[in-house]
Amino acid sequence: KQEVTQIPAALSVPEGENLVLNCSFTDSAIYNLQWFRQDPGKGLTSLLLIQSSQREQTSGRLNASLDKSSGRSTLYIAASQPGDSATYLCAATGNTGKLIFGQGTTLQVKP
Amino acid sequence: DTAVSQTPKYLVTQMGNDKSIKCEQNLGHDTMYWYKQDSKKFLKIMFSYNNKELIINETVPNRFSPKSPDKAHLNLHINSLELGDSAVYFCASSPSRAGGLRETQYFGPGTRLLVL
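As the structure is a computational prediction, the values presented were derived from the model and not from experiment.

Caption draft 1: Main features of a nonpolar patch on the surface. Residues Val12, Leu114 and Leu116 of chain B make up a contiguous nonpolar surface patch of roughly 270 Å² in combined accessible area. On the basis of relative accessibility, which here comes to 55%, the residue Val12 of chain B falls in the exposed class.

Put into structure tokens, the structure is as follows:
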């Protein structure tokens, strides 16, 4: 049974810092790994999707890596901004297409 | 021009009542989903429909019954509401049943259900 864990649960950094969010999963037989952003009172927005054959994906200041063998993914945010404040969720996808989510990391970027 | 919309946004009701949550997507997607996010923020899939056909049915009490009148709508009816049903319910859609495999899913804003 797939379990996804995110560390830390909460993170507060000053504006401009580079930061890393961690995601680990117990079953390496994943189809892909996705990162989402959730703003308070709103739904989830997809940030990056890494297929199991890929090592990383980049979008603007965001870079996500995937190491299936160790069951880990990281989301790197460069030059953080107050607008990056949100909860970040990772989800591992099995071959049925079901997403198994972690609990999320709540990020606060202070001006 | 909201892509995935849900109504109502907030729902406060008494134990034992029956309630429905509606979801509509205007993206032309074939597949729709219902997720539950509990108080600990865990987000878990409940159901998935592809072109009005049920394709994923997790271990959910049969008090929960999804209904898809057409591929743009997926409603969730809950009978005999219990305190433990309090959560945020998210609807999502994807272009095809490959949602999650080759393509991402698009989420609605959520419905916050509080059972008293």
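So that's the structure; there's more coming.
Caption draft 2: Representation of the sheet that holds strand E7 (residues 64-70) of chain B in the model. Residues and elements named next belong to chain B. As summarised here, the arrangement of the four strands in space is E1-E3-E8-E7, forming an open sheet in which the pairing is antiparallel. In this open sheet, the two edge strands, each paired with only one partner strand, are strand E1 (4-7) and E7. Here the strands of the sheet are splayed against their neighbours by 20° on average, with no regard to which way each runs. Direction of pairing for E7 relative to strand E8 (residues 73-78): antiparallel, over a ladder of five bridges. Note on E8: the bridge partner recorded for Phe64 is Ile78.

Caption draft 3: Spotlight on the interface of chain B and chain A. On the side of chain A, 21 residues touch chain B, which itself brings 22 residues to the contact. Regarding the contact of chain B and chain A, the summed buried area is about 1,700 Å², with carbon and sulfur atoms giving 55% of it. Across the contact surface, chain B and chain A share one salt bridge. A salt bridge links Lys98 of chain A to Glu58 of chain B, with the shortest nitrogen-to-oxygen separation between them at 2.7 Å.

Caption draft 4: Region of interest: unusual backbone geometry. The residue after Ile7 of chain A, namely Pro8 of chain A, is reached through a cis peptide bond having omega 0°. Of note, Pro8 of chain A is situated in the loop between strand E1 (4-7) and strand E2 (10-14). Of note, Lys52 of chain B is a non-glycine position whose phi angle comes to about 75°, a positive value. A relative accessible area of 48% places Lys52 of chain B in the partly exposed class. Even without glycine at this site, Ser80 of chain B takes up a positive phi of about 45°. Along the chain, Ser80 of chain B turns up in the loop between E8 and strand E9 (87-94). For Ser80 of chain B, a relative accessible area of 37% gives the class partly exposed.

Caption draft 5: Expanded view of the nonpolar core. Ranked by size, the top nonpolar core spans 22 residues in total, and within it Phe25, Leu33, Trp35, Leu75, Ile77, Tyr88 and Leu107 of chain A carry the most contacts. Going through the elements one at a time, strand E3 (19-25), strand E4 (32-38), strand E5 (44-51), strand E7 (62-67), strand E8 (72-77), strand E9 (86-93) and strand E11 (105-110) of chain A are the ones with two or more residues in this core. If we ignore the near neighbours within four places in the chain, the residues touching Phe25 of chain A are Gln2, Glu3, Val4, Ile30, Leu33, Leu66, Asp67, Lys68, Gly71, Arg72, Ser73 and Ala92 of chain A. Listed in part, the 19 residues of the second largest apolar core include Met32, Tyr49, Leu76 and Leu113 of chain B.

Caption draft 6: Just the sheet that holds E7 of chain A, in detail. All names here are of chain A. Ordered by their spatial adjacency, five strands build an open sheet running E1-E3-E8-E7-E6, and the pairing between neighbours is antiparallel. The open sheet is flanked by E1 and strand E6 (56-59), the only strands paired with a single partner. The mean inter-strand angle of the sheet, taken between neighbouring strand axes irrespective of direction, is 15°. Where E6 lies against E7, four bridges are found, and the strand directions are antiparallel. Directly across from Ser59, in E7, lies its bridge partner Leu62.

Calculation criteria
- Residues numbered from 1 in each chain as written.
- Chains lettered and ligands numbered in written order.
- Predicted model: local features only at pLDDT ≥ 70, side-chain atom pairs only at ≥ 80, totals over all residues.
- Heavy atoms only, no water.
- Patch = residues over 30% accessible without salt bridge, like charges linked within 9 Å, V, L, I, M, F, W, Y side chains within 5 Å.
- Areas by Shrake-Rupley, 256 points an atom, 1.4 Å probe, with all protein chains shown as cover.
- Salt bridge = Lys/Arg side-chain N within 4 Å of Asp/Glu carboxyl O.
- Buried < 20%, exposed > 50% of the residue type's maximum accessible area, 1.4 Å probe, protein only.
- Pairing = 2+ DSSP bridges.
- Helix = DSSP H or I, 4+ residues; strand = E, 2+ residues; numbered from the N terminus.
- Axes fitted to C-alpha atoms, helices over the stretch in contact; angles between N-to-C directions.
- Contact = heavy atoms within 4.5 Å.
- Buried area = accessible area lost by both parts, 1.4 Å probe.
- Core = buried A, V, L, I, M, F, W, Y, C linked by side-chain atoms within 4.5 Å.

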